[in-house]
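# Geometric and topological summary
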Amino acid sequence: MIKEIVTDIEFLQQPCEAATADDASVAQDLFDTMQSMDGQCACLAANQIGERKAIVAYEENGQLYAIFNPAIKQGFIPYKTREGCFSLPVDSEVRRFKRAIITYEVLKDGQLVPRQRKFADWTAEIIQHGIDHCNGVLV
């Protein structure tokens with residue numbers, strides 16, 4: 001289901017709860033909402049659509065992915081950049097890592113399965129943005 005983007009700062013600043021396999025519909029709502037934005041959205045966190053669950057959806061090479069309970073395990077090559085956010089009216093300067101090892105879970109056969117992957121460049125940046133949202137950090 002397509003959801004409205006949340007702009008309530010107090011809501012967005014609250015850390016998300018751990019997601020479970022029962023939250024699969026939230027991931028689908030993230031996909032539906034992203035697809036409705038005509039290619040303008042590379043990443044959304046569940047709290048941006050009103051669900052306080054630690055789920056991030058992102059686009060990579062034309063494919064949408066959902067990661068549950070993501071966390072930055074290790075970051076490499078820090079840099080500063082300006083990022084926009086659909087939940088905020090202005091861009092922010094943030095510190096990101098060019099490469100980051102992310103731990104997360106994926107939904108497979110109705111169960112959450114742990115994964116770890118090294119992300120780089122743009123994909124690393126957008127996932128770090130999504131993780132900030134899950135932690136209640138606005139940028």
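What counts, and where the lines are drawn
Residues numbered from 1 in each chain as written. Predicted model: local features only at pLDDT ≥ 70, side-chain atom pairs only at ≥ 80, totals over all residues. Heavy atoms only, no water. Salt bridge = Lys/Arg side-chain N within 4 Å of Asp/Glu carboxyl O. Helix = DSSP H or I, 4+ residues; strand = E, 2+ residues; numbered from the N terminus. Buried < 20%, exposed > 50% of the residue type's maximum accessible area, 1.4 Å probe, protein only. Core = buried A, V, L, I, M, F, W, Y, C linked by side-chain atoms within 4.5 Å. Contact = heavy atoms within 4.5 Å. Expected span 1.5 Å × (residues − 1). Pairing = 2+ DSSP bridges. Axes fitted to C-alpha atoms, helices over the stretch in contact; angles between N-to-C directions.

### Remarks on the pattern of salt bridges
On inspection of all chains with the given rule, the structure shows 7 salt bridges. Taking the shortest distance from any N to any O, the salt bridge between E17 and K53 comes out at 3.2 Å. With a gap of 36 residues between them, E17 in the loop between α1 (9–12) and α2 (24–35) and K53 in the loop between β1 (43–45) and β2 (55–60) connect regions that are remote in the sequence. For E17, a relative accessible area of 44% corresponds to the partly exposed category. Residue classification places K53 among the buried positions, given a relative accessible area of 18%. Taking the shortest distance from any N to any O, the salt bridge between R96 and D132 comes out at 2.8 Å. Here R96, found in strand β4 (residues 92–108), pairs with D132, found in helix α3 (residues 121–134); they are 36 residues apart in sequence, far enough to count as distant. Both residues of the pair, R96 and D132, belong to the buried class. Each of the salt bridges in this network shares a partner with another, and the network as a whole consists of E17, D23 and K53.

### Quick notes on the nonpolar core
Y58, I102, F119 and I127 are the most contacted members of the largest nonpolar core, which has 19 residues in total. If you list the elements that add at least two residues to this core, you get β1, β2, β4 and α3. Sequence-distant contacts of I127, that is, excluding residues within four places in its chain, are made with Y58, I67, I102 and F119. In this structure, V26, L30, M34 and A66 belong to the second largest nonpolar core, which totals 15 residues.

### Here we look at α2
Between its terminal C-alpha atoms α2 stretches 17 Å, which fits the 16 Å expected from 12 residues at 1.5 Å a residue. Where α2 is concerned, the buried positions are V26, A27, D29, L30, F31, T33 and M34. Summarising the contacts, the buried residues of α2 are in contact with β1, β2 and β3 (63–83).

### Description of the sheet that holds β3
One open sheet accounts for 5 strands, arranged β1-β2-β3-β4-β5; its pairing is antiparallel. In this open sheet, the two strands that pair with only one neighbour each are β1 and β5 (111–120). When the angles between neighbouring strand axes are averaged without regard to direction, this sheet yields 35 degrees. With 12 bridges connecting them, β3 and β4 associate as antiparallel partners. Each bridged residue has a counterpart across the sheet, and for Q74 the counterpart in β4 is I101. Sitting on the sheet, α3 is in contact with β1, β2, β3, β4 and β5, with an inclination near 80 degrees to β4.

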